[in-house]
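# Coordinate analysis (summary)
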Amino acid sequence: MDKSLFRYIWRHSRRDQLIIFAVVLASLPFYFASLDLPRRIVNEAIQGKAFEGGRETVRFLDLGLAPPSWLGGARIQFFEGFDVSRMGLLFGLSGLFLFYVLINGGFKFWINLAKGALGERMLRRMRFELFSYVLRFAPDTLRTVRSSEAATIIKDEVEPIGGFIGDAFVLPLFLGTQAATALIFILVQSVWLGLLAAAMVGVQFTVIPRLRRELLRLGKQRQLASRRLAGRVGEVVDGMEAVHVHDAHRWERAEIGDRLFHLFDLRYKIYRRKFMVKFLNNLLAQVTPFLFYAIGGYFALTGRLDIGQLVAVIGAYRELPPPLKELIDWDQQRLDVQVKYDQVVQYFAAEKLLPDGEPATDDADGPLEGPLKAEGLMIADPHGGTLVEGAAIELPLPARVGLLSEGAPTAGLFARVLAGRSRDYGGTVAFGERHLADLPPGLIGQRFAYAGVEPVLFPGSLRDNLVYGLRRRPPDLTPEQRKAEARRIMEAMRTGNPVESVEGPWIDCARAGASDLDDLDRLLIEALHRIGLGEDLYRFGLAGRVDPARDPDLPPRLIEARLRLRERLAAQNMADLVEPFDPARFNRQATVAENLLFGVPTSRALLGRDLAEHPAFRGALDAADLTRDLVRMGERIAETMTEIFRGLPQGHPLFEQFSFLGADELPDYEALLTRRRSTARRMARREDETRLLALPLAYIEPRHRLGLLDDAMRERLVAGRDTVRAALEKGGDPGVAFYEPDDVNGAAPVRDNLLFGRVNQTAANAQARVMEMVSAVVDELDLRVAVERVGLDHQVGPAGRLLSAPQRACVNLVRCIVKRPDVFVVDGGLAPLGEARARAVLKILLDGFAERTLFVTLANERDAEGFDALIRFGGGGATVDIVHDQAGTEPAVEVVEERKVAKVASRVAS
């Protein structure tokens, strides 16, 4: 970034700044005229100086231009005006004053709007540039950068910079010219009063900025403290599991409290200093009117200044302090923002960034071929200790290479070097004639893949993460798209943002060897099966939801599978294992709420206990005369639960089994029941009824077994379905996807659409037996691939936390494999899988990279089977061993280590 904030602003907003400058200058004549009108109103209209000599009328709005005599001197008349009386002149000049007020207000409105838009555009540009720098952080920089700090800088710390950018040039010009105009006007009326005003202005501009220097130092400390606080909070959130495991809550609370105290102390000092400066500034601003009234009044009494001029001078000075104060505040803001900008520039220093630029096309430089050559290789550990010094390696590629350094991190550090993830090495590393250090980041991202110990997944679907390495082909905008998105594209061009739309086919299917997105899904599913995630993907698919727009052929096939499943269950005398949904029957395996809604809620307002507070739902229960009985059920549940759970510790399995009440809710419900017993029913509080009503909505008789539902109540609940549905549909969107016997429910999981019912909870091992039958039907109708495609939409959560560690590792490996890299480096990427599974996956990788280059860090030599070569690190050097040669001939491998061999021999001799 540019070292100078003002140079940065001017370079990117010169055109807009000049336009605003022109408007500011155009507004000054109107501003000067508005200052002169009070004098004319007092002198000409009120005191009647315009009507001296016995005149009854004067000419008003006589508009013309009289050029100097050397230009001819002939007056150019625009409007001759009209004659007005003294009263007419008073109202005319007053109306003209109001007109100038509106004109000046219009100028201010346009200028403020324009500089506001300018500031927002520059803020957008700056944030995008900083995000671009984040994407260019060198791999070694990423090890020390806190993500929360970078996010805080982009989101919060540049916010005041963006607010200042619009004012950087415009505000001093606008306010400065206004103040200068007012000061010139005062000088025109009275030189002494003008000099007095100028002197006070000089004092303000000299003393106040000096007093604010301490504010800058404190502001810098506050910014650094706030950034460190954000970083520490981010660390605690990321390490929350360790906090819980080790019960470190009190320490973390105390540590954050200490940081907040220091931040409070800094902010208090800033406030104390700032308001002291503001007090002094206001004092100076109020002293000047006192002098004006005293000295100006003296001049008026002695005849050296008329009343109109005094009124005009006082009015003009009333316009002088606000812009002066804003100019002083602008100067303070300038210094404060410059400190913030300097820190941002320092945070995103050039030495922390990778070179900019990437190849124009994927195949611009061709595949990486030729031998791996390393000369004078030097690798140090993170603490500066030398692990490898002066080693030289030459190895023919493509090859499957194991990296060994038992008991030392050398293999892992060299793997990061090979993958372009670290530039902290000495010597040269080259693939053929291409030096690794000279390869652009874009080419490294296309041709290399790296699987580390801690895979990085992003929030989104499984598919989004698997194809992440293929999202590098921006779609071309059609003329229709450019027309529809003209404003977005224009703003993007003005702010240096990308004009490409996020909509459209970004995925490069050809890179993965697929013809289209459907073919790509097939390849992803096959890869997940090979890596061992097939069953997990199938389970994700059963728990996923059907998107008819994405796969219109799937719903009718699911209906067919539903019917086939019922036939199979009936044929094997297993029909009692699933109680189907029937519009005319109560489903004993479903909750009371599910039976009333007879569908799946799509609105959060209809989920859980919020359902009891939903106005339409409550109205439907009242209309169906169900509210009172359900509240009584709630009372019985609350009485039973408080009696059973009284004295049980928090976390007892019974709480999870019944799931009505939490341990912390027991005292509240005990107090509620006490109120209900002591208060007449008609006086009962509605919020108590709502809390009681929420309890039976989650009730399932076979699970909870409290004997609260009889046949009559079940029939009444079924009868209330139509009332509930009508009430919810009355407002438009019902917020529920209702069950239809001959259709697929888009809000329900695939599993529920296949069962169209609930598994019998009273039958032994019913869940496993039913799911086994479901899998058999799915395979019989060749639906497994379709279900697994739904599984690709499974959400992985923030950082992939909804997946297990082995699942995250497998997803990361498939993501690397699917983009078919020329060089694939696996550095601990198999560690989360466990020893047996890691060996199986390693064999899969070795088979899949028979014609490409694969580097794998190995824990020991027992895992070296199947590799073409091994690179061993030890004793400060490296050796290359050829394990076997597929072609049957031993390849030429040169290992140059003369200096290291001599050094080792010297040590042995000594």
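Described below are features of the structure shown in this document. Given the structure is predicted, the values throughout are model-derived calculations rather than measurements.

Parameters and conventions
- Residue numbers run consecutively from 1 along every chain, following the written order of its sequence.
- With the structure being a predicted model, the display of local features is reserved for residues of pLDDT at least 70 and the display and counting of side-chain atom pairs for 80 or more, all residues being used for whole-chain, interface and lining totals.
- Based on all heavy atoms of the structure, the side-chain values leave hydrogens and waters out of the count.
- The criterion is simple. A nonpolar core is a set of buried Ala, Val, Leu, Ile, Met, Phe, Trp, Tyr and Cys residues joined through side-chain atoms within 4.5 Å.
- Accessible area is worked out with a 1.4 Å probe on protein chains only. A residue is then buried under 20% of its type maximum, exposed over 50%, and partly exposed in between.
- Helix numbers and strand numbers start at the N terminus; a helix is a DSSP run of H or I with at least 4 residues, a strand a run of E with at least 2.
- We call two residues contacting when some pair of their heavy atoms lies within 4.5 Å.
- Here a pair means two rings of Phe, Tyr or Trp (six-membered ring of Trp) with centres within 6.5 Å. Their orientation is stacked below 30 degrees between planes, edge-to-face above 60, and tilted elsewhere.
- Here, a charge over a ring is recorded when the distance from Lys NZ or Arg CZ to the ring centre is within 6 Å and its angle to the ring normal is within 35 degrees.
- Put simply, a patch holds well-exposed residues, over 30% relative accessible area, that have no salt bridge, with like charges counted together within 9 Å and Val, Leu, Ile, Met, Phe, Trp or Tyr side chains within 5 Å.
- To measure how exposed things are, a 1.4 Å probe is used in the Shrake-Rupley method; for residues, cover is taken only from the protein chains shown.
- A pairing counts as a salt bridge when a side-chain nitrogen of Lys or Arg comes within 4 Å of a carboxyl oxygen of Asp or Glu.
- Criterion used throughout: strands pair if DSSP finds at least two bridges between them.

### What about the nonpolar core?
- Ranked by size, the top nonpolar core spans 49 residues in total, and within it L462, L520, F824 and L830 carry the most contacts.
- Contributions of two or more residues to this core are made by β10 (448-451), α15 (462-466), α18 (517-531), α19 (534-543), α32 (805-818), β15 (823-826), α33 (835-848) and β16 (853-858).
- In terms of residue count, the dominant contributor to this core is α32 (8 residues).
- The residues contacting L462, other than those within four sequence positions of it, are L528, L537, F540, G791, L792, H794, V796, L803 and V811.

### Here we look at the packing of aromatic side chains
- Taken as a whole and assessed by the stated rule, the structure comprises 24 aromatic pairs.
- Between the aromatic rings of F137 and F348, the centroid separation amounts to 5.6 Å while the plane-to-plane angle is 5 degrees, which identifies the pairing as stacked. On the criterion of sequence distance, the pair formed by F137 in the loop between α2 (86-135) and α3 (139-142) and F348 in the loop between α12 (321-347) and β5 (372-380) is long-range, its members being 211 residues apart.
- Residue F348 is classed as buried on the basis of its relative accessible area of 2%.
- Taken together, the ring pairs connect F6, W10, F21, F164, F169 and W330 into an aromatic cluster.
- Stacked on the ring of Y669, the Lys or Arg R691 has its end atom at 4.7 Å from the ring centre.
- Its end group placed over the ring of F738, R725 keeps NZ or CZ at 4.1 Å from the ring centre.

### Details of a nonpolar patch on the surface
- Together, L63, I76, F78, F79 and F82 give the surface a local cluster of nonpolar side chains, amounting to about 500 Å² of exposed area.
- With 3 residues, the top contributor of residues to the nonpolar patch is strand β3 (residues 76-79).
- Within the secondary structure, F79 sits in strand β3.

### Focus on the pairing of strand β7 (residues 400-404)
- In terms of residue burial, β7 counts as a mostly covered element, since 5 of its 5 residues are buried.
- Residues R400, G402 and L404 of β7 are buried on one face, and the alternating residues V401 and L403, pointing to the opposite face, are buried as well.
- Inspection of the sheet shows β7 paired to β16 by 5 bridges, in the parallel sense. Bridged to G402 within β16 is V856.
- Summarising the sheet, β7 and strand β17 (residues 869-874) pair through 4 bridges and their orientation is parallel. Residue pairing across strands places G402 opposite L870, the latter belonging to β17.

### Regarding the pattern of salt bridges
- Under the definition given, this model contains 46 salt bridges.
- For E235, the salt bridge goes to R232, with nearest N and O atoms at 3.1 Å. Of the two residues, E235 and R232 both sit in helix α8 (residues 213-238), 3 residues apart, roughly one turn of that helix.
- Of the charged contacts in the structure, one is a salt bridge between R676 and E635, with a shortest N-O distance of 2.8 Å. One end of the pair, R676, is in helix α25 (residues 666-678); the other, E635, is in helix α23 (residues 627-645), with 41 residues separating them in the sequence.

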